[in-house]
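Observations on the model geometry
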Amino acid sequence: MSLHLLLMLQGGAPPQSVTEMIVQGTPLTHAVLLILFVFSLMSWWLIFRKSRQFGEVRRQGDVFLEHMEKAQRLTDAYKSILSLPESPYGRVFRQGVNFFSELRPGALREGAPPTAGLSLTQLEALRLVLEKVEAEERDALGHGVGMLAVIGTVSPLLGLLGTVIGVMDAFLGITISGSSNIMSVAPGIAEALITTVAGLVVAIPAVFGYNFFVTKLNLVSNELEGFSSEFIGTLAREGRI
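Just so you know, these numbers come straight off a predicted model, no measurement behind them.

Time to look at the nonpolar core. Core analysis: the biggest nonpolar cluster contains 43 residues, and F64, F93, L126 and F231 have the highest contact counts within it. Mapped by element, the contributors of at least two residues to this core are α3 (27-70), α4 (74-82), α5 (88-103), α6 (120-142), α7 (145-177) and α8 (182-237). Ranked by the residues each element gives to this core, the list is headed by α8, at 12 residues. Ignoring sequence-local partners within four residues, the contact set of F93 consists of F64, M68, L74, A77, Y78, I81, F227 and F231.

Quick look at the structure:
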(Lines give C-alpha, C1' and ligand atoms only; values in the text may rest on other atoms or scores of the structure.)
Protein backbone atom coordinates (compact mmCIF):
# COMPACT_ATOMS: atom_id res chain seq x y z
CA MET A 1 0.00 0.00 0.00
CA SER A 2 1.29 3.48 -0.83
CA LEU A 3 2.48 5.81 1.87
CA HIS A 4 -0.19 8.43 1.28
CA LEU A 5 -2.94 5.84 1.91
CA LEU A 6 -1.30 4.88 5.17
CA LEU A 7 -1.17 8.54 6.12
CA MET A 8 -4.87 8.91 5.34
CA LEU A 9 -5.75 5.85 7.40
CA GLN A 10 -3.75 7.37 10.24
CA GLY A 11 -5.38 10.77 9.77
CA GLY A 12 -2.40 12.38 8.02
CA ALA A 13 -2.66 14.94 5.24
CA PRO A 14 -2.64 13.69 1.63
CA PRO A 15 0.17 14.87 -0.70
CA GLN A 16 -0.30 18.38 -2.07
CA SER A 17 2.13 18.34 -5.02
CA VAL A 18 3.62 16.04 -7.64
CA THR A 19 6.90 15.97 -5.75
CA GLU A 20 5.15 14.80 -2.59
CA MET A 21 3.30 12.12 -4.57
CA ILE A 22 6.60 10.81 -5.92
CA VAL A 23 8.29 10.89 -2.53
CA GLN A 24 5.33 9.18 -0.87
CA GLY A 25 4.86 6.72 -3.71
CA THR A 26 5.18 2.96 -3.57
CA PRO A 27 8.47 1.15 -4.20
CA LEU A 28 7.04 0.00 -7.54
CA THR A 29 6.37 3.61 -8.58
CA HIS A 30 9.91 4.54 -7.60
CA ALA A 31 11.31 1.59 -9.56
CA VAL A 32 9.33 2.48 -12.70
CA LEU A 33 10.34 6.14 -12.48
CA LEU A 34 13.98 5.17 -11.98
CA ILE A 35 13.95 2.95 -15.07
CA LEU A 36 12.27 5.71 -17.09
CA PHE A 37 14.87 8.19 -15.86
CA VAL A 38 17.66 5.90 -17.09
CA PHE A 39 15.83 5.52 -20.43
CA SER A 40 15.56 9.29 -20.69
CA LEU A 41 19.30 9.75 -20.12
CA MET A 42 20.08 7.10 -22.74
CA SER A 43 17.65 8.67 -25.20
CA TRP A 44 19.03 12.20 -24.92
CA TRP A 45 22.63 10.93 -25.03
CA LEU A 46 21.87 9.06 -28.26
CA ILE A 47 20.05 12.07 -29.73
CA PHE A 48 22.99 14.43 -29.09
CA ARG A 49 25.54 11.85 -30.21
CA LYS A 50 23.77 10.99 -33.47
CA SER A 51 23.08 14.67 -34.17
CA ARG A 52 26.79 15.40 -34.03
CA GLN A 53 27.62 12.31 -36.09
CA PHE A 54 25.16 13.06 -38.88
CA GLY A 55 26.17 16.71 -38.87
CA GLU A 56 29.81 15.71 -39.33
CA VAL A 57 28.91 13.29 -42.13
CA ARG A 58 26.98 16.07 -43.86
CA ARG A 59 29.99 18.39 -43.71
CA GLN A 60 32.30 15.61 -44.93
CA GLY A 61 29.92 14.92 -47.81
CA ASP A 62 29.93 18.56 -48.91
CA VAL A 63 33.74 18.69 -48.90
CA PHE A 64 33.96 15.36 -50.74
CA LEU A 65 31.57 16.42 -53.48
CA GLU A 66 33.38 19.74 -53.84
CA HIS A 67 36.65 17.92 -54.52
CA MET A 68 34.97 15.48 -56.89
CA GLU A 69 33.49 18.30 -58.95
CA LYS A 70 36.91 19.90 -59.40
CA ALA A 71 38.53 16.67 -60.65
CA GLN A 72 38.61 16.15 -64.39
CA ARG A 73 39.44 12.46 -64.39
CA LEU A 74 39.22 9.51 -62.02
CA THR A 75 42.96 9.61 -61.29
CA ASP A 76 42.73 13.31 -60.36
CA ALA A 77 39.79 12.61 -58.08
CA TYR A 78 41.65 9.78 -56.35
CA LYS A 79 44.67 11.98 -55.61
CA SER A 80 42.42 14.73 -54.29
CA ILE A 81 40.39 12.41 -52.05
CA LEU A 82 43.53 10.93 -50.44
CA SER A 83 44.14 14.24 -48.68
CA LEU A 84 40.67 14.31 -47.08
CA PRO A 85 39.73 12.89 -43.65
CA GLU A 86 37.98 9.54 -43.47
CA SER A 87 34.29 9.67 -44.39
CA PRO A 88 31.62 7.26 -45.68
CA TYR A 89 31.85 8.85 -49.14
CA GLY A 90 35.63 8.59 -49.25
CA ARG A 91 35.63 4.98 -48.09
CA VAL A 92 33.16 3.96 -50.81
CA PHE A 93 35.24 5.76 -53.43
CA ARG A 94 38.54 4.29 -52.24
CA GLN A 95 37.15 0.79 -52.08
CA GLY A 96 35.84 1.12 -55.63
CA VAL A 97 39.15 2.46 -56.94
CA ASN A 98 41.18 -0.16 -55.07
CA PHE A 99 39.04 -3.00 -56.41
CA PHE A 100 39.32 -1.63 -59.94
CA SER A 101 43.10 -1.36 -59.52
CA GLU A 102 43.22 -5.02 -58.46
CA LEU A 103 41.36 -6.00 -61.61
CA ARG A 104 43.45 -3.72 -63.84
CA PRO A 105 46.82 -3.17 -62.10
CA GLY A 106 48.47 0.11 -63.07
CA ALA A 107 45.52 1.32 -65.14
CA LEU A 108 45.06 4.42 -62.98
CA ARG A 109 48.72 5.47 -62.97
CA GLU A 110 49.61 8.70 -64.69
CA GLY A 111 50.51 8.05 -68.34
CA ALA A 112 49.45 4.39 -68.19
CA PRO A 113 48.63 2.87 -71.60
CA PRO A 114 44.99 2.06 -72.40
CA THR A 115 43.84 -1.26 -71.00
CA ALA A 116 40.94 -3.55 -71.77
CA GLY A 117 37.68 -2.63 -70.08
CA LEU A 118 36.04 -4.68 -67.36
CA SER A 119 34.00 -7.68 -68.35
CA LEU A 120 30.36 -8.01 -67.30
CA THR A 121 31.37 -10.41 -64.55
CA GLN A 122 34.00 -8.02 -63.23
CA LEU A 123 31.60 -5.10 -63.44
CA GLU A 124 29.03 -7.02 -61.41
CA ALA A 125 31.71 -7.89 -58.86
CA LEU A 126 32.61 -4.19 -58.61
CA ARG A 127 28.97 -3.31 -58.06
CA LEU A 128 28.68 -5.93 -55.29
CA VAL A 129 31.80 -4.56 -53.58
CA LEU A 130 30.37 -1.04 -53.63
CA GLU A 131 27.04 -2.29 -52.25
CA LYS A 132 28.86 -4.11 -49.45
CA VAL A 133 30.71 -0.94 -48.44
CA GLU A 134 27.46 1.05 -48.61
CA ALA A 135 25.76 -1.46 -46.29
CA GLU A 136 28.68 -1.30 -43.84
CA GLU A 137 28.53 2.51 -43.76
CA ARG A 138 24.77 2.45 -43.29
CA ASP A 139 25.10 0.00 -40.39
CA ALA A 140 27.79 2.15 -38.77
CA LEU A 141 25.72 5.32 -39.07
CA GLY A 142 22.57 3.55 -37.89
CA HIS A 143 24.21 2.10 -34.78
CA GLY A 144 22.19 3.24 -31.77
CA VAL A 145 19.23 4.56 -33.74
CA GLY A 146 17.30 1.36 -33.13
CA MET A 147 17.65 1.87 -29.37
CA LEU A 148 15.63 5.07 -29.69
CA ALA A 149 12.81 3.01 -31.21
CA VAL A 150 13.02 0.54 -28.32
CA ILE A 151 12.89 3.33 -25.74
CA GLY A 152 10.02 5.03 -27.56
CA THR A 153 8.03 1.79 -27.60
CA VAL A 154 8.79 0.43 -24.13
CA SER A 155 8.54 3.65 -22.09
CA PRO A 156 4.76 4.22 -22.49
CA LEU A 157 4.08 0.56 -21.77
CA LEU A 158 6.25 0.67 -18.68
CA GLY A 159 4.46 3.82 -17.54
CA LEU A 160 1.09 2.20 -18.17
CA LEU A 161 2.15 -0.84 -16.15
CA GLY A 162 3.00 1.41 -13.22
CA THR A 163 -0.35 3.18 -13.56
CA VAL A 164 -2.40 -0.02 -13.66
CA ILE A 165 -0.67 -1.45 -10.61
CA GLY A 166 -0.94 1.91 -8.85
CA VAL A 167 -4.70 2.05 -9.49
CA MET A 168 -5.06 -1.49 -8.15
CA ASP A 169 -3.12 -0.46 -5.06
CA ALA A 170 -5.34 2.63 -4.63
CA PHE A 171 -8.56 0.61 -4.79
CA LEU A 172 -7.09 -1.94 -2.40
CA GLY A 173 -6.42 0.89 0.03
CA ILE A 174 -9.99 2.12 -0.37
CA THR A 175 -11.25 -1.36 0.42
CA ILE A 176 -9.12 -1.53 3.54
CA SER A 177 -10.17 1.92 4.71
CA GLY A 178 -13.83 1.21 3.95
CA SER A 179 -14.32 4.71 2.51
CA SER A 180 -15.48 5.60 -1.02
CA ASN A 181 -15.01 9.34 -0.53
CA ILE A 182 -13.37 11.11 -3.46
CA MET A 183 -10.67 12.37 -1.10
CA SER A 184 -9.60 8.80 -0.50
CA VAL A 185 -9.58 7.92 -4.21
CA ALA A 186 -7.99 10.97 -5.86
CA PRO A 187 -4.46 10.84 -4.34
CA GLY A 188 -3.96 7.19 -5.27
CA ILE A 189 -5.20 7.69 -8.83
CA ALA A 190 -3.07 10.81 -9.22
CA GLU A 191 0.02 8.97 -8.02
CA ALA A 192 -0.70 6.09 -10.40
CA LEU A 193 -0.93 8.46 -13.38
CA ILE A 194 2.53 9.90 -12.71
CA THR A 195 4.22 6.89 -14.30
CA THR A 196 2.10 7.23 -17.46
CA VAL A 197 3.06 10.88 -17.77
CA ALA A 198 6.71 10.03 -17.20
CA GLY A 199 6.55 7.27 -19.82
CA LEU A 200 5.16 9.69 -22.41
CA VAL A 201 7.73 12.36 -21.54
CA VAL A 202 10.49 9.84 -22.19
CA ALA A 203 8.92 8.30 -25.30
CA ILE A 204 8.05 11.44 -27.29
CA PRO A 205 11.65 12.72 -27.79
CA ALA A 206 12.87 9.17 -28.46
CA VAL A 207 10.28 8.56 -31.18
CA PHE A 208 10.92 11.98 -32.72
CA GLY A 209 14.68 11.36 -32.69
CA TYR A 210 14.28 7.89 -34.21
CA ASN A 211 12.20 9.11 -37.14
CA PHE A 212 14.48 12.10 -37.68
CA PHE A 213 17.64 9.99 -37.80
CA VAL A 214 16.06 7.31 -39.98
CA THR A 215 15.26 10.05 -42.50
CA LYS A 216 18.87 11.29 -42.31
CA LEU A 217 20.17 7.74 -42.64
CA ASN A 218 18.07 7.07 -45.73
CA LEU A 219 19.32 10.33 -47.26
CA VAL A 220 22.97 9.39 -46.75
CA SER A 221 22.31 5.85 -47.99
CA ASN A 222 20.67 7.16 -51.16
CA GLU A 223 23.59 9.53 -51.73
CA LEU A 224 26.06 6.66 -51.40
CA GLU A 225 24.07 4.56 -53.85
CA GLY A 226 23.94 7.46 -56.29
CA PHE A 227 27.67 8.03 -55.95
CA SER A 228 28.37 4.34 -56.62
CA SER A 229 26.35 4.54 -59.82
CA GLU A 230 28.19 7.73 -60.78
CA PHE A 231 31.52 6.02 -60.09
CA ILE A 232 30.67 3.22 -62.49
CA GLY A 233 29.44 5.81 -64.99
CA THR A 234 32.79 7.62 -64.75
CA LEU A 235 34.59 4.37 -65.55
CA ALA A 236 32.36 3.95 -68.57
CA ARG A 237 32.99 7.53 -69.79
CA GLU A 238 36.75 7.01 -69.56
CA GLY A 239 36.54 3.76 -71.48
CA ARG A 240 37.51 1.56 -68.55
CA ILE A 241 34.43 -0.66 -68.89
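What follows continues from the structure just given.
A few words on the confidence of the model for the protein chain. Mean pLDDT over the protein chain stands at 80; residues scoring 70 or higher make up 77%. When pLDDT is averaged over each element of the protein chain, α3 comes out on top at 89 and helix α1 (residues 3-9) at the bottom at 45. Here residues 1-12 is modelled with pLDDT under 50, and outside its nearest four sequence neighbours on either side it reaches 28 contacts, counting other chains as well.

Considering all chains together, one arrives at 7 salt bridges under this definition. The partner of E56 in a salt bridge is R59, and the shortest N-O contact between them spans 2.8 Å. Of this pair, E56 and R59 are both found in helix α3, 3 residues apart, which corresponds to roughly one turn of the helix. Residue classification places E56 among the partly exposed positions, given a relative accessible area of 36%. The residue E86 makes a salt bridge to R91 at a minimum N-O spacing of 3.3 Å.

What counts and how
Residues numbered from 1 in each chain as written. Predicted model: local features only at pLDDT ≥ 70, side-chain atom pairs only at ≥ 80, totals over all residues. Heavy atoms only, no water. Core = buried A, V, L, I, M, F, W, Y, C linked by side-chain atoms within 4.5 Å. Buried < 20%, exposed > 50% of the residue type's maximum accessible area, 1.4 Å probe, protein only. Helix = DSSP H or I, 4+ residues; strand = E, 2+ residues; numbered from the N terminus. Contact = heavy atoms within 4.5 Å. pLDDT = per-residue confidence, 0-100. Salt bridge = Lys/Arg side-chain N within 4 Å of Asp/Glu carboxyl O.

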